[in-house]
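# Working through the structure, step by step
Given next are the chains, with one letter for each unit.
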Amino acid sequence: MSETLRWLERARISPEAVRDALWTLRDPEQARMAALALRAVGPAGAGALAEALEVPEARVRAVVIETAALLPSLTAALADRVDQEPLPWLRRALVRAVAPRSPARARAWSCAPDLTVRAEALRACPKDEASASLAAAALRELDPGGRADPADRVVRVVRVEVAWHACTILAVYPVADTAEILRSLSRSPNPFLASQAALALVAGGGRAAPSMGRLFDPAVPSDLQGMTKLRDEDPRDLELAEIGLLRGAEPLLLRAALGRLSSSPATSAAIAAALSHPLPEVRKLALTALDRRRDDPVWEAYERMEAEEPEPELREALLWTLGRRSEPPSLRPLIRAACRERSPSREVAIQALLARVKRTARARTQEAGEALVSRLRDGSLRERGLAAEALGRFSDPQTAQALRSALPQAPRELRARIEESLQRR
């Protein structure tokens, strides 16, 4: 019997037992099988799944939210959980699950104090006059012209997303007295927010800066069919796809524009810019599209994404991408991530750095060695073990001394890994 069927059989016999198992699981794939088994066994399983929305492991909780979203009967339970969820990326998932089934809640959340909730709610709101009023209110509250960007990278990036969603609504349903805010946003360093603000400004009767003129090129396809017909060997068509990526608001159209750009080797700068797109799924597609490119804009975009990306899934995808690459410019953001304090993805960064150090001697630089030594001294037990394993691949005397110095005070399981690393040298 497959493991999936075993979970289903357990859920049929005792949904409570499967719910309790979710409280102890750490592997998201195991959790997915358990959650789907609960979903399949009717009301008792749905009730157990609702109770599992509070499991302590964040990645397991994400799976439970994703599965519970498939059951209309759990919409209220998911909505009630939004204010209790401590992690912003999971609050986003909860809103994403509830909003399509409850437009009224989406409208209410569009004014929520939490910017992550507000961004997802504005995205879910139908584009109509009522939503336009909410979008205008959201922009006024952000006060982009009167307050400097906050230091917190999550807040900074999500503020851009909130403003972008608001502008996409106002570009269809203009609201009076927003021209000054939109004019300010049209000067944003984020090209996608600047473009949407310019479109909304013109829709409301204002004038965009001359530099924004190409946004209004009538040849840019406005539908999916037109975008897919663009040719990736034609420079003019690639220009139209780049403008489409700047001014598009619908995810399918943005995906098609990025697909056109991804088919040409001459578009790395435009794809690299998309790593700062307000929509997380566009950033994900852009990261994949850059995987084999070696142009200077790629390294700059990696650096920016490592410093600013708020979504854990995308941060981890970036780190594993950096771990797979071998070019020297891609090593620096990975080292920085491995040293970043209070980062939930730091362990993943160390794992990716370990994989890279194992694969190629070009990664065994002095800077990488110093970063690993710092994790050997000050990291969690798991991080110290990974750092010890990686340092065993270095040949310089400084890393050998660091390993020997860490040996006397190391717990037993860590001591074994340090000794193994010393023997490897």
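Reading the values: rules and limits
Residues numbered from 1 in each chain as written. Predicted model: local features only at pLDDT ≥ 70, side-chain atom pairs only at ≥ 80, totals over all residues. Heavy atoms only, no water. Helix = DSSP H or I, 4+ residues; strand = E, 2+ residues; numbered from the N terminus. Buried < 20%, exposed > 50% of the residue type's maximum accessible area, 1.4 Å probe, protein only. Contact = heavy atoms within 4.5 Å. Areas by Shrake-Rupley, 256 points an atom, 1.4 Å probe, with all protein chains shown as cover. Lys, Arg positive; Asp, Glu negative; His and termini not counted. Charge placed at Lys NZ, Arg CZ, Asp CG, Glu CD. Core = buried A, V, L, I, M, F, W, Y, C linked by side-chain atoms within 4.5 Å. Expected span 1.5 Å × (residues − 1). Arc of directions from axis to C-beta. Disulfide = S-S within 2.5 Å. Axes fitted to C-alpha atoms, helices over the stretch in contact; angles between N-to-C directions. Parallel < 35°, antiparallel > 145°, perpendicular 65-115°, else oblique. Nonpolar A, V, L, I, M, F, W, Y, C, P; charged D, E, K, R; others polar. Salt bridge = Lys/Arg side-chain N within 4 Å of Asp/Glu carboxyl O. Left-handed = near helix turned anticlockwise from the far one by under 90°. Polar contact = N/O pair within 3.5 Å; in protein donor to acceptor, adjacent residues only side chain to side chain.

The next thing to look at is the overall build of the chain. Counting its regular elements, the chain contains 26 helices and zero strands. The dimensions of the chain, computed from C-alpha atoms along their principal axes, are 70 × 55 × 45 Å. The 425 residues of the chain split such that 50% are buried. If you take every contact in the chain between residues at least 6 apart in sequence, the share linking residues at least 24 apart comes to 62%. As displayed, the chain has an accessible area near 19800 Å², and 52% of this comes from carbon and sulfur atoms. In the chain, 64 positive and 57 negative side-chain charges are present, and the distance between their average locations comes to 3 Å.

If you look at the biggest cluster of nonpolar residues, it comprises 95 residues, and the most contacted ones within it are Leu139, Leu245, Tyr302 and Ile418. Looking at this core element by element, the count peaks at eight residues for helix 11 (residues 153-170). For Tyr302, the residues in contact, after removing those within four places along its chain, are Leu275, Leu287, Leu290, Asp291, Leu318, Thr321, Leu322, Arg325 and Pro333. Counting residues in hydrophobic clusters, the runner-up holds 43 residues, among them Ala58, Ala93, Val95 and Val117.

A few words on helix 26 (residues 412-424). With 13 residues, helix 26 extends 19 Å from end C-alpha to end C-alpha; this agrees with the ideal 18 Å at 1.5 Å per step. Of all the positions in helix 26, only Leu414, Ile418 and Ser421 are classed as buried. The buried residues of helix 26 occupy an angular sector of 60 degrees when the element is viewed end-on, so they sit on one face. Turned more than 90 degrees away from the buried face of helix 26 sit Arg412 and Gln423, all of them exposed. Contact partners of the buried residues in helix 26: helix 23 (366-378), helix 24 (381-391) and helix 25 (397-406).

Applying the stated criterion across every chain yields a total of zero disulfides. No disulfide involves Cys111; its sulfur sits 8.6 Å from the nearest other cysteine sulfur, which is in Cys125. Free of any disulfide, Cys167 has its nearest neighbouring cysteine sulfur in Cys125, separated by 15 Å.

On to the packing of helix 18 (residues 280-289) against helix 20 (residues 312-324), then. At a minimum axis separation of 10 Å, helix 18 and helix 20 run at an interaxial angle of 10 degrees. Considering the angle they form, helix 18 stands roughly parallel to helix 20. Within the contact between the two elements, helix 18 uses Pro280, Arg283, Lys284 and Leu287 and helix 20 uses Glu313, Leu314, Ala317, Leu318 and Thr321. A per-class count over the contact of helix 18 with helix 20 returns five nonpolar, one polar and three charged.

Working definition: two side chains of opposite charge can pair if their charged atoms are close together. Tallied over the entire structure, the rule returns 40 salt bridges. Residues Lys358 and Glu389 are paired through a salt bridge, measuring 2.8 Å at the closest nitrogen-oxygen approach. Of the two residues, Lys358 is situated in helix 22 (residues 346-359) and Glu389 in helix 24; the sequence distance between them amounts to 31 residues. Overlapping salt bridges bring together Arg92, Arg96, Glu120, Glu161 and Glu311 as one network.

Of note, Arg81 is situated in helix 6 (residues 75-81). Relative accessible area serves as the criterion here: at 10%, Arg81 is assigned to the buried category.

Turning next to the packing of helix 25 against helix 26. At a minimum axis distance of 10 Å, the contact between helix 25 and helix 26 shows a crossing angle of 150 degrees. With respect to helix 26, the axis of helix 25 lies roughly antiparallel. You can see that helix 25 and helix 26 cross each other, and the crossing is left-handed. Residues Ala400, Leu403, Arg404 and Ala406 of helix 25 form the contact with helix 26, whose own contacting residues are Ile418, Ser421 and Leu422.

Inspection of the secondary structure assignment puts Arg59 in helix 5 (residues 58-68). Residues Arg59 and Arg393 lie 334 residues apart in sequence; the distance between their C-alpha atoms is 31 Å. Ignoring any residue separated from it by four or fewer positions in sequence, one finds Arg59 in contact with Arg26 and Pro28. At 3.3 Å, the side chain of Arg59 forms a polar contact with the backbone oxygen of Arg26.

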